[in-house]
Amino acid sequence: MMTNWIDISVPLYTGMVHWPGDPEVQVNQQQIDVEGTPVHLTSISMSAHTGTHMDAPLHFVNGADSMDAWTPDATIGAVRVITIEDRIAIHAAELQQHEIKRGDRILFRTANSETNWVGEPFKKRFVYIAKDAAEYLVSLGVQTVGVDYLSIGGYVNDMVATHVAMLTAGIWVIEGLNLSNVDAGSYEMVCLPLRLKGADGAPARVLLRRLP
Ligand SMILES: [Zn+2]
């Protein structure tokens, strides 16, 4: 049995945190009787941008690629986890210390991962990727970026600017990760978004395994 995988996706359940304005998550577990046998049937209703999920370029860019354009290379393979010291936002000046390279897959572990945010009310001042950092990541030509709250852009600042910069450049985005049990370093990642046809995003299961 493979026991060294770390599950960095968050659980989905009724009442969990979601972006303001998005619908509530509903996970309805029913039990019906079929020929005397109790049968359990769960139905789900949620935004594609709740919990651990991916953004497709289409999310903020009219006419851009939907999740249909996702390929396994985008989110399966080597990934770096970088710890961010800034407790407000991720800025280019801090990223420049980390020798990020073209084609890299990067996950940012921030102060967001110090709390079990999925079970708490929506936090307007989560650590986000500032516009200057988004533009820096675009200039480097990274392949994939993951963050440990519900959005790459901030609620108060750079919500649109960061999304537009990174999604226009075709960077694949993973949001809503739980990196509380993950140290900085090199890992193997498996991230599989649901195959939602034509969608601007999709819930995903994400696993990490430490590289030797
Ligand atoms: Zn999203």
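Refer to the structure printed above.
Just so it is clear, the model here is predicted, and its values are computed rather than measured. (Residues numbered from 1 in each chain as written. Predicted model: local features only at pLDDT ≥ 70, side-chain atom pairs only at ≥ 80, totals over all residues. Heavy atoms only, no water.)

(A) Up close: helix H4 (residues 159–168). Taken together, the buried positions of H4 are Thr162, His163, Ala165, Met166 and Leu167. Looking at the residues trailing H4, positive phi occurs at Gly170, about 80 degrees. (Buried < 20%, exposed > 50% of the residue type's maximum accessible area, 1.4 Å probe, protein only. Helix = DSSP H or I, 4+ residues; strand = E, 2+ residues; numbered from the N terminus.)

(B) Up close: the layout of surface pockets. Estimated volume of the largest pocket: approximately 280 Å³. Val10, Leu12, Pro203, Ala204 and Arg205 are the residues nearest the centre of the largest pocket, which is lined by 13 residues in total. Of all the elements, strand S12 (residues 201–210) adds the most residues to the lining of the largest pocket, at 3 residues. Tallied by class, the residues present in the lining of the second largest pocket amount to 5 nonpolar, no polar and 3 charged. (1 Å grid on protein atoms, 1.4 Å probe; cavity = no way out; pocket = protein on both sides within 12 Å on 5 of 7 lines; lining within 4 Å. Points joined across faces, edges and corners; volume = space filled by probe spheres on them. Nonpolar A, V, L, I, M, F, W, Y, C, P; charged D, E, K, R; others polar.)

(C) Quick look at the side chain of Thr110. For Thr110, the location among the structural elements is in the loop between strand S7 (105–109) and strand S8 (128–129). Its relative accessible area of 3% is what places Thr110 among the buried residues. A polar atom in the side chain of Thr110 sits 2.9 Å from the backbone nitrogen of Asn112. With near-sequence residues (within four places) excluded, Thr110 lies in contact with Ile84, Ile90, Val127 and Asp148. (Polar contact = N/O pair within 3.5 Å; in protein donor to acceptor, adjacent residues only side chain to side chain. Contact = heavy atoms within 4.5 Å.)

(D) Structural detail: the coordination of the zinc ion. Every protein donor of the zinc ion is accounted for by His49 (ND1), His53 (NE2), Asp55 (OD) and Glu175 (OE), and the metal-donor separations fall at 2.0 to 2.3 Å. Around the zinc ion sit 4 donor atoms; with metal-centred angles ranging over 76 to 168 degrees, the donor geometry is irregular. Motif for the zinc ion, donor spacing along one chain: H-x3-H-x1-D-x119-E. Considered together, His49 and Asp55 belong to a single accessibility category, that of buried residues. (Donors = N, O, S within 2.8 Å, 3.2 Å for Na, K, Ca; no water. Tetrahedral: all angles 85-135°; square planar, octahedral: opposite > 155°, others 65-115°.)

(E) Layout of the pattern of salt bridges. Applying the stated rule across the entire model yields 4 salt bridges. A salt bridge links Glu114 to Arg87, with the nearest nitrogen and oxygen atoms 2.9 Å apart. Here Glu114 is found in the loop between S7 and S8, whereas its partner Arg87 is found in the loop between strand S5 (76–83) and strand S6 (89–90), with 27 residues between them in sequence. The same class applies to Glu114 as to Arg87, namely exposed. Across the salt bridge formed by Arg209 and Glu188, the nearest N and O atoms sit 3.0 Å from each other. One end of the pair, Arg209, is in strand S12; the other, Glu188, is in strand S11 (residues 185–193), and 21 residues separate them in sequence. Overall, the relative accessible area of 16% leaves Arg209 in the buried class. (Salt bridge = Lys/Arg side-chain N within 4 Å of Asp/Glu carboxyl O.)

(F) Looking closely at the nonpolar core. Counting residues in hydrophobic clusters, the biggest one holds 26 residues, and the most contacted among them are Leu95, Phe108 and Ile129. Those elements that provide at least two residues to this core are helix H2 (92–95), S7, helix H3 (131–140), strand S9 (144–147) and H4. Counting residues per element, this core draws most heavily on H3, which supplies 5 residues. Here Ile129 is in contact with Ile90, Phe108, Ala134, Leu137, Val145, Val147, Ile152, Gly153, Asp158, Thr162 and Met166, once residues within four sequence places are set aside. Of all hydrophobic cores here, the second largest spans 22 residues; its members include Val79, Tyr187, Ala199 and Val206. (Core = buried A, V, L, I, M, F, W, Y, C linked by side-chain atoms within 4.5 Å.)

(G) Up close: the environment of Val142. Turning to its location among the elements, Val142 is positioned in the loop between H3 and S9. Separated by 29 residues in sequence, Val142 and Ile171 have C-alpha atoms that sit 6.8 Å apart. Excluding anything up to four places from it in sequence, Val142 contacts Ile100, Lys101, Gly103, Asp104, Leu137 and Ile171.

(H) How the structure looks around H3. Residues Ala133, Ala134, Tyr136, Leu137 and Leu140 constitute the buried set of H3. In a view along the axis of H3, the buried residues occupy a sector of 160 degrees, so they form one face of it. In this structure, the buried side of H3 is in contact with S6, H2, S7, S8, S9 and H4. Immediately beyond the C-terminal end of H3, within one or two residues, lies Gly141, with a positive phi of roughly 80 degrees. (Arc of directions from axis to C-beta.)

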